[in-house]
Amino acid sequence: MARTTALPASGATPARRRKPASTRVYPTFRVVALIATVVALVLPLVWMVLASLKTNVDIYDPSKSILFEPTLENYVNVLTRNNYFIFVANSFWVAFVSTVLSLVLGVPAAYSMSRFTMHRSALVVLMARVIPGVSLLVPWYYVFSNLRMVGGFEVLILSHMFVALPLIVYIMMGYFDSMPLELEESAQVDGLTPIGAFRRITLPLSVAGMATAGILAFIFSWNNFMFALVLSGAKTKTLPVAIFDFVSYASIDWGGLMAAATVVTLPIMVIALFAQRYIVSGLTAGATKG
């Protein structure tokens, strides 16, 4: 007899095809990779905060890694006895002034390079970003020492601007490239000059990019250790350099060091948390242009 095959009814749902193994494994791999990345980034911060609440004896005791009696003695030592508020004020002043001056100079420069296709100038800016800052410390120290500027705020601000200014120009060039030129042309048709169109149309629309560039420049200046170590003085010492005082030849005050590191990290984490929307939008500007 001939074998007959039963056909599915017209209303029956056909059997679903099984997804390939690679398609099923990828979501699991993505979750595992994400968890591993978060743990690798967060774990050192958690250890830093926990160590700042311990005595040096508890830090060296593995049995008290998680369960211990917290103390605020390290923060009292950092904020009151060592006058760290002065170092915080120095770091904020240097970071704020260098960021503002870099924005004042960098935003018009980035606009000119973007609108007038100044490729050679853009190449110079890119080279300034690539050059390591440590290679310039010796020339800087020689020049500024002859000018008797070493130890002042001016030399710290200028040295931080060397990195902040190319960073701002590089970010803002991409942001201006993503903005349509027709907006400025329409403004000029309505009677505005090119400078007026930039000031009234382009500049207000680029607030997100300027916020991104300014925040990143401020973070760099706040965390900078190398320039301040060589060029600062006793009265202009910034917070990262002041933290180095907890490291001596014979021993290291780990509790005080972690408390000071927490004081340095906390403002930057707060700024990044509240400004992450501007940072993401500014860094991705121009990515889909063309």
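Look up: the structure comes first, before these words.
Everything quoted here is computed from the prediction, not taken from an experiment.

*Asks:* Provide a residue-level description of a nonpolar patch on the surface, including the pertinent values.
*Replies:* A surface patch of nonpolar side chains, amounting to about 750 Å² of accessible area, comprises Val 134, Tyr 141, Val 150, Phe 225, Met 226, Leu 229, Val 230, Phe 244, Val 247 and Ile 252. Sort the elements by how many residues they give to the nonpolar patch and helix H11 (residues 226–231) lands first, with 3 residues. Mapped onto the secondary structure, Val 134 falls in the loop between helix H5 (119–130) and helix H6 (137–146). Assessed through its relative accessible area of 49%, Val 134 is described here as partly exposed.

*Asks:* Provide a residue-level description of the environment of Tyr 141, including the pertinent values.
*Replies:* For Tyr 141, the location among the structural elements is in helix H6. As a C-alpha pair, Tyr 141 and Leu 231 span 90 residues in sequence and 6.9 Å in three-dimensional space. When neighbours within four sequence positions are excluded, Tyr 141 is seen to be in contact with Val 150, Val 230 and Leu 231.

*Asks:* Tell me about unusual backbone geometry, and name the residues and values.
*Replies:* Within the chain, Arg 148 stands out as a residue other than glycine whose phi angle is a positive 55 degrees. Note on placement: Arg 148 falls in the loop between H6 and helix H7 (153–177).

*Asks:* Got a sec to walk through H6? Specific residues and values, please.
*Replies:* Helical geometry: 3.6 residues make up each α-helical turn, so side chains three or four residues apart lie on a common side. Three or more residues of H6 are buried, namely Leu 137, Trp 140 and Phe 144. Along H6, the residues classed as buried sweep out an arc of 60 degrees about the axis, all on the same side. Residues of H6 that are exposed and point over 90 degrees away from its buried face: Val 138, Tyr 142 and Asn 146. Of the surrounding elements, those touching the buried residues of H6 are H7 and H11.

So, how was this worked out
- Residues numbered from 1 in each chain as written.
- Predicted model: local features only at pLDDT ≥ 70, side-chain atom pairs only at ≥ 80, totals over all residues.
- Heavy atoms only, no water.
- Patch = residues over 30% accessible without salt bridge, like charges linked within 9 Å, V, L, I, M, F, W, Y side chains within 5 Å.
- Areas by Shrake-Rupley, 256 points an atom, 1.4 Å probe, with all protein chains shown as cover.
- Salt bridge = Lys/Arg side-chain N within 4 Å of Asp/Glu carboxyl O.
- Helix = DSSP H or I, 4+ residues; strand = E, 2+ residues; numbered from the N terminus.
- Buried < 20%, exposed > 50% of the residue type's maximum accessible area, 1.4 Å probe, protein only.
- Contact = heavy atoms within 4.5 Å.
- Arc of directions from axis to C-beta.

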